[in-house]
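# Notes for the structure review
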Amino acid sequence: MSSPVLSPAARLRSLRPVWLTDPRVWRTEVLAGLVVALALVPEAISFSIIAGVDPAIGLFASFTMAVVISVVGGRRAMISAATGAVALVIAPLNREHGLGYLIAAVILAGVFQIALGALGVAKLMRFVPRSVMVGFVNALAVLIFMAQIPEMRNVPWAVYPLIIGGLAMMVFFPRITTVVPAPLVSIVILTVITVGAGIAVPTVGDKGALPSSLPVPGLPDVPFTLDTLATIAPYAFAMALVGLMESLMTAKLVDDITDSHSSKTRESIGQGIANIVTGFFGGMGGCAMIGQTMINVKVSGARTRLSTFLAGAFLMVLCIVFGPIVSDIPMAALVAVMVMVSFATFDWHSVSPKTLKRMPAGEITVMVVTVACVVATHNLAIGVVVGALTAMVVFAKRVARLADVTAVTDPDGTSVVYRVTGELFFASSNDLVGRFDYAGDPGRVVIDLSAAHIWDASSVAALDAIETKYAQRGKSVEIIGLNEPSADLHKTLSGELTGSH
């Protein structure tokens, strides 16, 4: 039966985003955007300090990144803004050459990200195993918590009951109602208490002055020469890689939480566009923010692009219109939110004794290595790369053990058949040569590979070495049972891998 023909008006309605038609979704998205914007203010200022730039530079970057990525990004409800990982990469460039070079590097990093996205770098995410993903999430939770520790040191005693009160509100308030996000309620109540009672505690205003006007577009103040390009290119490329890796890992995490799919290629290109726009508006660049994304998606329940857009829009409104009020928010309120986020982000199931008892030792090793690298370097990208490499070594070691050789001698003693099973690649083929009895075998040797697969040149070289050793003793070797890909690889490389042929 043919589907009913929709009128132009009905077709238009069907194309509308869900937040335009459902008031409950609208409310959730708006409030989530507001909570994220409040949490972004101190974070952006902190990352500006790491990069060695004025707080306004980080706040402008967070505004433009969030607004642009809400339109061009591939993952709905994910928050992109100025981040610590990017700040750490570009801080040396700013220190040595100044702000103009930093902004030029941000624009070039955006170009690199668009190129890498178009080349399909997002497809590399399939090589990130689950144990690395779990390690990434747990390391992230640890980093988020560790980032709050400086805010709890050498502070007035009143900070501690405020943090405990904020955490208590976020735990118990959702049991009363979920109409308003608990973090927002916690921030408002703690601010009213500290201002009303005149309690002297560190506030957002202590982190730095908030901007009083919107950013203005312009070109970076650098000479447009090859020398400038040579100076900024290494930093730009490092920033592009770190930004993409963190963004794609975060997108994958949000996919898992929301049980939905997102376009990683679109996200990669979108990150590039957002960084180019941010650079032209004088921002310090950024990428996906896992902590703020967790507030948006996991704590506040946001699911659409509207929350991402409003997080950026509200950020500027809060800074420009409500600057004096935002400056009075106690840091204790935001520390409580981020501590709650770290506990919500950590995969507690992955470290339960029951899980650890069942999990293979290799998987646990990969997870621990990923967490240790991230916590030691404070760089998520390094942890993911080292974790993925460790997983590859563990996998290769495990698969190499599955390769086996069994020999069956013909009853009349004139020939022997060696049956090889398993995957033949560099890790397993190295032991292959030593599994044959070159001196004791009869004159005819058959190597049956019908239950094996040749994956690389190392395996072909091992088979060549076996044939050579038998030939030196005047014995013939016949290789049978090769599947089509193995036969093609063997035919192409056999006899071509050593200088003696």
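Attention here is on the structure that accompanies the text.

Definitions and cut-offs
Residues numbered from 1 in each chain as written. Predicted model: local features only at pLDDT ≥ 70, side-chain atom pairs only at ≥ 80, totals over all residues. Heavy atoms only, no water. Patch = residues over 30% accessible without salt bridge, like charges linked within 9 Å, V, L, I, M, F, W, Y side chains within 5 Å. Areas by Shrake-Rupley, 256 points an atom, 1.4 Å probe, with all protein chains shown as cover. Salt bridge = Lys/Arg side-chain N within 4 Å of Asp/Glu carboxyl O. Helix = DSSP H or I, 4+ residues; strand = E, 2+ residues; numbered from the N terminus. Buried < 20%, exposed > 50% of the residue type's maximum accessible area, 1.4 Å probe, protein only. Polar contact = N/O pair within 3.5 Å; in protein donor to acceptor, adjacent residues only side chain to side chain. Contact = heavy atoms within 4.5 Å. Axes fitted to C-alpha atoms, helices over the stretch in contact; angles between N-to-C directions. Parallel < 35°, antiparallel > 145°, perpendicular 65-115°, else oblique. Nonpolar A, V, L, I, M, F, W, Y, C, P; charged D, E, K, R; others polar. Disulfide = S-S within 2.5 Å. Pairing = 2+ DSSP bridges.

So, about a nonpolar patch on the surface. A contiguous nonpolar surface patch, about 480 Å² in accessible area, is contributed by Leu 124, Phe 127, Val 385, Leu 389 and Met 392. As for its placement among the helices and strands, Val 385 is situated in helix α18 (residues 380-400).

Time to look at the side chain of Asn 138. Position of Asn 138 among the secondary structure elements: in helix α7 (residues 130-148). Given a relative accessible area of 2%, Asn 138 falls into the buried group. Separated by 3.0 Å, the side chains of Asn 138 and Ser 350 make a polar contact. The residues touching Asn 138, leaving out its near neighbours within four places in the chain, are Phe 346, Asp 347, Ser 350, Val 351, Met 367 and Val 371.

At a minimum axis separation of 10 Å, helix α3 (residues 23-51) and helix α15 (residues 331-345) run at an interaxial angle of 105°. Comparing their axes, α15 and α3 come out roughly perpendicular. Across the interface between the two elements, Leu 38, Ala 39, Pro 42 and Glu 43 of α3 pack against Met 331, Leu 334 and Met 338 of α15. Residue classes in the contact of α3 with α15 are distributed as six nonpolar, no polar and one charged.

It is worth spelling out the state of the cysteines at this point. Applying the stated criterion to the full structure yields zero disulfides. Cys 287 forms no disulfide, and the closest cysteine sulfur to it belongs to Cys 373, at a distance of 19 Å. When its relative accessible area of 0% is taken as the criterion, Cys 287 is described as buried.

This part covers the sheet that holds strand β6 (residues 476-480). Read across the sheet, four strands follow the order β3-β4-β5-β6 without closing on themselves; strand pairing throughout is mixed. Both outer strands of the open sheet, β3 (404-409) and β6, are each paired with one neighbouring strand and no more. Between one strand axis and the next, the sheet turns through 20° on average, direction left out of account. In the sheet, strand β5 (residues 444-454) pairs with β6 via five bridges, with the strands oriented parallel. Along β6, the bridge assignment pairs Arg 444 with Ser 476. Across the face of the sheet, helix α20 (residues 457-471) comes into contact with β4 (415-424), β5 and β6 while running at roughly 175° to β5. Strands β5 and β6 of the sheet are contacted by helix α21 (residues 484-493), whose axis makes an angle of about 120° with β5.

With the rule as written, the count across this model stands at six salt bridges. Asp 255 is paired through a salt bridge with Lys 264; the nearest N and O atoms lie 2.5 Å apart. With a closest N to O distance of 3.4 Å, Asp 448 and Arg 419 form a salt bridge. Here Asp 448, found in strand β5, pairs with Arg 419, found in strand β4; they are 29 residues apart in sequence, far enough to count as distant. Here Asp 448 falls in the buried class, since its relative accessible area comes to 14%.

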